[in-house]
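The lines below spell out each chain.
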Amino acid sequence: MGLFTGLRQSIARVTDKLFSSEEPKRIGIYGPPNAGKTTLANRIARDWTGDAVGPESHVPHETRRARRKENVEIERDGRKVTIDIVDTPGVTTKVDYEEFLDHDMDKEDAVRRSREATEGVAEAMHWLREDVDGVIYVLDSSTDPFTQVNTMLIGIIESQDLPVLILANKTDLDDSSVQRIRNAYPQHETIPLSALEGDNMDEVYTKIAEYFG
Amino acid sequence: MPEVKNSDDGVQVDLIGGERMAGKTSMEKIRMILDGVRDGNIVILEEGLSPDEESKLIEVTMTEISPDEFSGIEIETYPRSKTSDSSLLGRLMGRESTGSKLTVIGPANQIETLHKDENLISALISHK
């Protein structure tokens with residue numbers, strides 16, 4: 001690609017984003033399995049629409065297909081932001097049906113669940129390249145955030161020039177360390193929260209309005 | 001392709017040089033990687049993949065997972081991918097520098113640990 005062609009296309013992308021603010025922004029909630037993505041999506045949807053997005057569970061890959069909650073209006077400091085929340089399956093590079101056998105499932109159910117999970121992850125990756133306007137990246141602050149999948153995904157998001165808000169979830173747990181996440185991804189602002197308890201959601205909404213408004 | 005091959009029950013390591021990958025499309029690269037990994041090999045890429053290719057690698061890997069046959073991949077990269085050129089000018093120019101990086105990819109059911117620290121990737125590989 002020539003220098004000027006690249007420059008022209010990059011400027012076109014930027015101006016497209018600037019002048020398409022009438023439509024709700026599609027904000028993908030991404031992150032590893034069990035980081036609390038659905039709990040967060042439900043918290044946001046309940047706070048602003050009264051409805052939930054989907055069931056929550058401690059079993060990995062409970063969310064196996066992306067779920068969308070449309071036209072969520074968030075109002076902060078007199079400014080209204082309308083977003084479509086897309087709750088995606090936890091991204092991973094491997095899915096083994098045997099991991100579900102430990103959760104009171106027979107082989108048939110475990111195989112079905114793993115097949116649905118792989119389809120969901122593939123779909124989520126495709127959408128990340130084609131169909132989202134911004135990303136909320138949710139991490140479990142009680143676990144090591146510096147994994148290859150996280151690093152890879154955040155790199156992919158950065159390469160798409162998508163605005164990304166990193167949330168350090170599960171601050172209600174004893175092992176939580178928000179600083180560990182700040183250290184792993186210092187190029188991004190990290191907002192602590194407990195989606196389960198609803199702690200610090202005010203700041204989360206302020207940042208959503210700031211990043212995606 | 002440089003390779004190390006042991007006895008029948010050993011593990012093959014494919015080191016794929018940058019030049020071999022240079023002329024290939026993204027899907028050709030991904031096919032080469034997954035064909036190797038599905039054969040039980042450890043694939044080492046001298047120059048790694050771009051973020052877009054990494055995204056497609058995850059997507060294609062997911063479509064190929066099947067019970068009792070292939071459960072996915074372990075992947076590790078050194079050094080970690082940098083935010084490349086994150087300056088406004090760099091982004092306007094469409095620069096996409098992946099930096100120098102070396103990527104190790106292997107079958108998830110054979111790589112017991114894939115550990116990385118500042119200057120070392122170590123993998124414990126089990127036989128099938």
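Provided above is the structure to which this section pertains.
Just so we're clear, the structure is a prediction, and the values are computed from it rather than from any experiment. (Residues numbered from 1 in each chain as written. Chains lettered and ligands numbered in written order. Predicted model: local features only at pLDDT ≥ 70, side-chain atom pairs only at ≥ 80, totals over all residues. Heavy atoms only, no water.)

### Regarding the overall build of chain B
Now for step 1: When its secondary structure is counted, chain B shows 4 helices and 7 strands.
Now for step 2: Listed by position from the N terminus, the elements making up chain B come as β-β-α-α-β-α-β-α-β-β-β.
Now for step 3: Looking at chain B as a whole, 43% of its 128 residues qualify as buried.
Now for step 4: By sequence separation, contacts in chain B at least 24 residues apart represent 65% of the contacts at least 6 residues apart.
Now for step 5: In the structure as shown, chain B presents an accessible area of about 6800 Å², 48% of it carried by carbon and sulfur atoms. (Helix = DSSP H or I, 4+ residues; strand = E, 2+ residues; numbered from the N terminus. Buried < 20%, exposed > 50% of the residue type's maximum accessible area, 1.4 Å probe, protein only. Contact = heavy atoms within 4.5 Å. Areas by Shrake-Rupley, 256 points an atom, 1.4 Å probe, with all protein chains shown as cover.)

### Details of the nonpolar core
Now for step 1: Membership of the largest hydrophobic core comes to 51 residues, with the highest contact counts inside it found for Leu 128, Val 135 and Tyr 137 of chain A together with Ile 33 and Leu 57 of chain B.
Now for step 2: Per element, the largest residue contribution to this core is 8 residues, and it comes from helix α4 (residues 107-130) of chain A.
Now for step 3: Setting aside anything within four residues of it in sequence, one finds Tyr 137 of chain A in contact with Tyr 30, Gly 31, Pro 32, Val 149, Asn 150, Leu 153, Ile 154, Ile 157, Val 164, Leu 165, Ile 166 and Leu 167 of chain A.
Now for step 4: Residues Ala 41, Val 138, Ala 195 and Met 201 of chain A belong to the second largest nonpolar core, which totals 26 residues. (Core = buried A, V, L, I, M, F, W, Y, C linked by side-chain atoms within 4.5 Å.)

### A short note on a negative patch on the surface
Now for step 1: Where like charges cluster on the molecular surface, the negative patch consists of Asp 96, Glu 98, Glu 99 and Asp 102 of chain A.
Now for step 2: With respect to the helices, strands and loops of the structure, Glu 98 of chain A is situated in helix α3 (residues 98-101). (Patch = residues over 30% accessible without salt bridge, like charges linked within 9 Å, V, L, I, M, F, W, Y side chains within 5 Å. Salt bridge = Lys/Arg side-chain N within 4 Å of Asp/Glu carboxyl O. Lys, Arg positive; Asp, Glu negative; His and termini not counted. Charge placed at Lys NZ, Arg CZ, Asp CG, Glu CD.)

### Considering the packing of aromatic side chains
Two aromatic rings, taken as a pair, are described by how far apart their centres are and by the angle between their planes.
Residues and elements named next belong to chain A.
Now for step 1: For the structure on display, the rule yields 2 aromatic pairs over all chains.
Now for step 2: Between Arg 68 and the ring centre of Trp 127, over which it is positioned, the NZ or CZ distance is 5.9 Å.
Now for step 3: One residue, Arg 113, lies across the ring of Phe 100, its end atom 5.5 Å from the ring centre. (Phe/Tyr/Trp six-rings, centres within 6.5 Å; stacked < 30°, edge-to-face > 60°. Lys NZ or Arg CZ within 6 Å of the ring centre and 35° of its normal.)

### Examining helix α7 (residues 201-212) of chain A
Now for step 1: Spanning 12 residues, α7 of chain A covers 16 Å between terminal C-alpha atoms, matching the ideal 16 Å at 1.5 Å per step.
Now for step 2: Here α7 of chain A has its buried residues at Met 201, Val 204, Tyr 205, Lys 207, Ile 208, Ala 209 and Phe 212 of chain A. (Expected span 1.5 Å × (residues − 1).)

### A few points about the packing of helix α2 (residues 26-38) of chain B against helix α3 (residues 51-64) of chain B
Residue and element names in this part refer to chain B.
Now for step 1: It is at 10 Å that the axes of α2 and α3 come closest, and there the two elements cross at 50°. Considered as vectors, α2 and α3 are oriented oblique to each other. At the point where α2 passes α3, the crossing takes the right-handed sense. Across the interface between the two elements, Ser 26, Met 27, Lys 29, Ile 30, Arg 31, Ile 33, Leu 34 and Arg 38 from α2 touch Glu 53, Lys 56, Leu 57, Val 60, Thr 61 and Glu 64 from α3.
Now for step 2: Residues that form the contact of α2 with α3 fall into these classes: 6 nonpolar, 2 polar and 6 charged. (Axes fitted to C-alpha atoms, helices over the stretch in contact; angles between N-to-C directions. Parallel < 35°, antiparallel > 145°, perpendicular 65-115°, else oblique. Left-handed = near helix turned anticlockwise from the far one by under 90°. Nonpolar A, V, L, I, M, F, W, Y, C, P; charged D, E, K, R; others polar.)

### Considerations on the sheet that holds strand β2 (residues 67-76) of chain A
All names here are of chain A.
Now for step 1: Here 6 strands make up an open sheet; going across it, the order is β2-β3-β1-β4-β5-β6 and the pairing mixed. Edge positions in the sheet fall to β2 and β6 (190-192), since each has one partner strand and no second. This sheet shows a mean twist of 30° between the axes of neighbouring strands, independent of strand direction.
Now for step 2: Across 6 bridges, the pairing between strand β4 (residues 134-140) and strand β5 (residues 164-169) is parallel. Bridge pairing in β5 places Asp 140 opposite Asn 169.
Now for step 3: Sheet strands in contact with helix α2 (residues 37-49) are β1 (25-30), β2, β3 (79-87), β4 and β5, and its direction is about 55° off that of β2. (Pairing = 2+ DSSP bridges.)

### Quick word on unusual backbone geometry
Residues and elements named next belong to chain A.
Now for step 1: Despite not being glycine, Lys 170 has its phi angle at roughly 70°, a positive value.
Now for step 2: Mapped onto the elements, Lys 170 comes out in the loop between β5 and α6 (178-184).
Now for step 3: In this structure Lys 170 comes out as partly exposed when scored by relative accessible area, which is 22%.
Now for step 4: Even without being a glycine, Asn 200 presents a positive backbone phi close to 65°.
Now for step 5: Along the polypeptide, Asn 200 turns up in the loop between β6 and α7.
Now for step 6: We classify Asn 200 as partly exposed; its relative accessible area is 32%.

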